[in-house]
Amino acid sequence: QVQLVESGGGLVQPGGSLRLSCAASGFTFSWYAMSWYRQAPGKERELVAFIASDGRSTNYAGSVKGRFTISRDNAKNTVYLQMNGLKPEDTAVYYCYATKGSGSWGQGTQVTVSS
């Protein structure tokens, strides 16, 4: 019954910004930590950012630290990923992940960074 729907991806030039959103339903959103992962073709899926259920604690992959910010609005059942200073290496499908039970994944949203 868990549903995660990502949006906000697209094509952006190097140095540009995007904000991804993940709308959650089917569970008590505020009880669970959330994460963003990404996967490029031919590469393994990697953790990008993590946020605790109350939003007080966050963690980031070293490759995005200082450029990306994860946040959440528990009143709107939504988690966000603000991406600044985008690089071509950030090109990937970005997935929302909920820690509920064995874990739940969204369908992904494509981010392409290219000039």
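Here's a quick rundown of the structure. Being a predicted model, the structure only gives us computed values, none of them experimental. (Residues numbered from 1 in each chain as written. Predicted model: local features only at pLDDT ≥ 70, side-chain atom pairs only at ≥ 80, totals over all residues. Heavy atoms only, no water.)

**Quick notes on the packing of aromatic side chains**
Two numbers describe a pair of aromatic rings. These are the distance of the centres and the angle of the planes. Keep this limit in mind: Stacked, edge-to-face and tilted are the three classes for Phe, Tyr and Trp ring pairs, Trp counted by its six-membered ring, which pair at centre distances within 6.5 Å; planes under 30 degrees apart are stacked, over 60 edge-to-face, the rest tilted. Each residue is assigned to one of three classes by its accessible area relative to the maximum for its type, calculated with a 1.4 Å probe on protein chains only: buried under 20%, partly exposed between the two thresholds, exposed over 50%. Consider the ring centre and the ring normal. A charge sits over the ring if Lys NZ or Arg CZ is within 6 Å of that centre and within 35 degrees of that normal.
Counted according to the given criterion, the structure contains 6 aromatic pairs. With a centroid separation of 4.5 Å and 50° between ring planes, the pair formed by Tyr 97 and Trp 105 is classed as tilted. Taking relative accessible area as the criterion, Trp 105 reaches 40% and is therefore assigned partly exposed. Aromatic rings pair up to connect Tyr 37, Tyr 95, Tyr 97 and Trp 105 into one cluster. Against the face of Tyr 95 rests Arg 45, its NZ or CZ located 3.8 Å from the ring centre.

**Focus on the environment of Gly 15**
Just so we agree on the cut-off: The helix count covers DSSP runs of H or I at least four residues long, the strand count covers runs of E at least two residues long, and both are numbered beginning at the N terminus. Whether two residues are in contact is decided by their heavy atoms: any pair within 4.5 Å suffices.
Within the element layout of this structure, Gly 15 appears in the loop between β2 (10-12) and β3 (18-25). The class of Gly 15 is exposed, set by a relative accessible area of 53%. For Gly 15 and Val 48, which are 33 residues apart along the polypeptide, the C-alpha to C-alpha distance reads 18 Å. The residues touching Gly 15, leaving out its near neighbours within four places in the chain, are Gly 85 and Leu 86.

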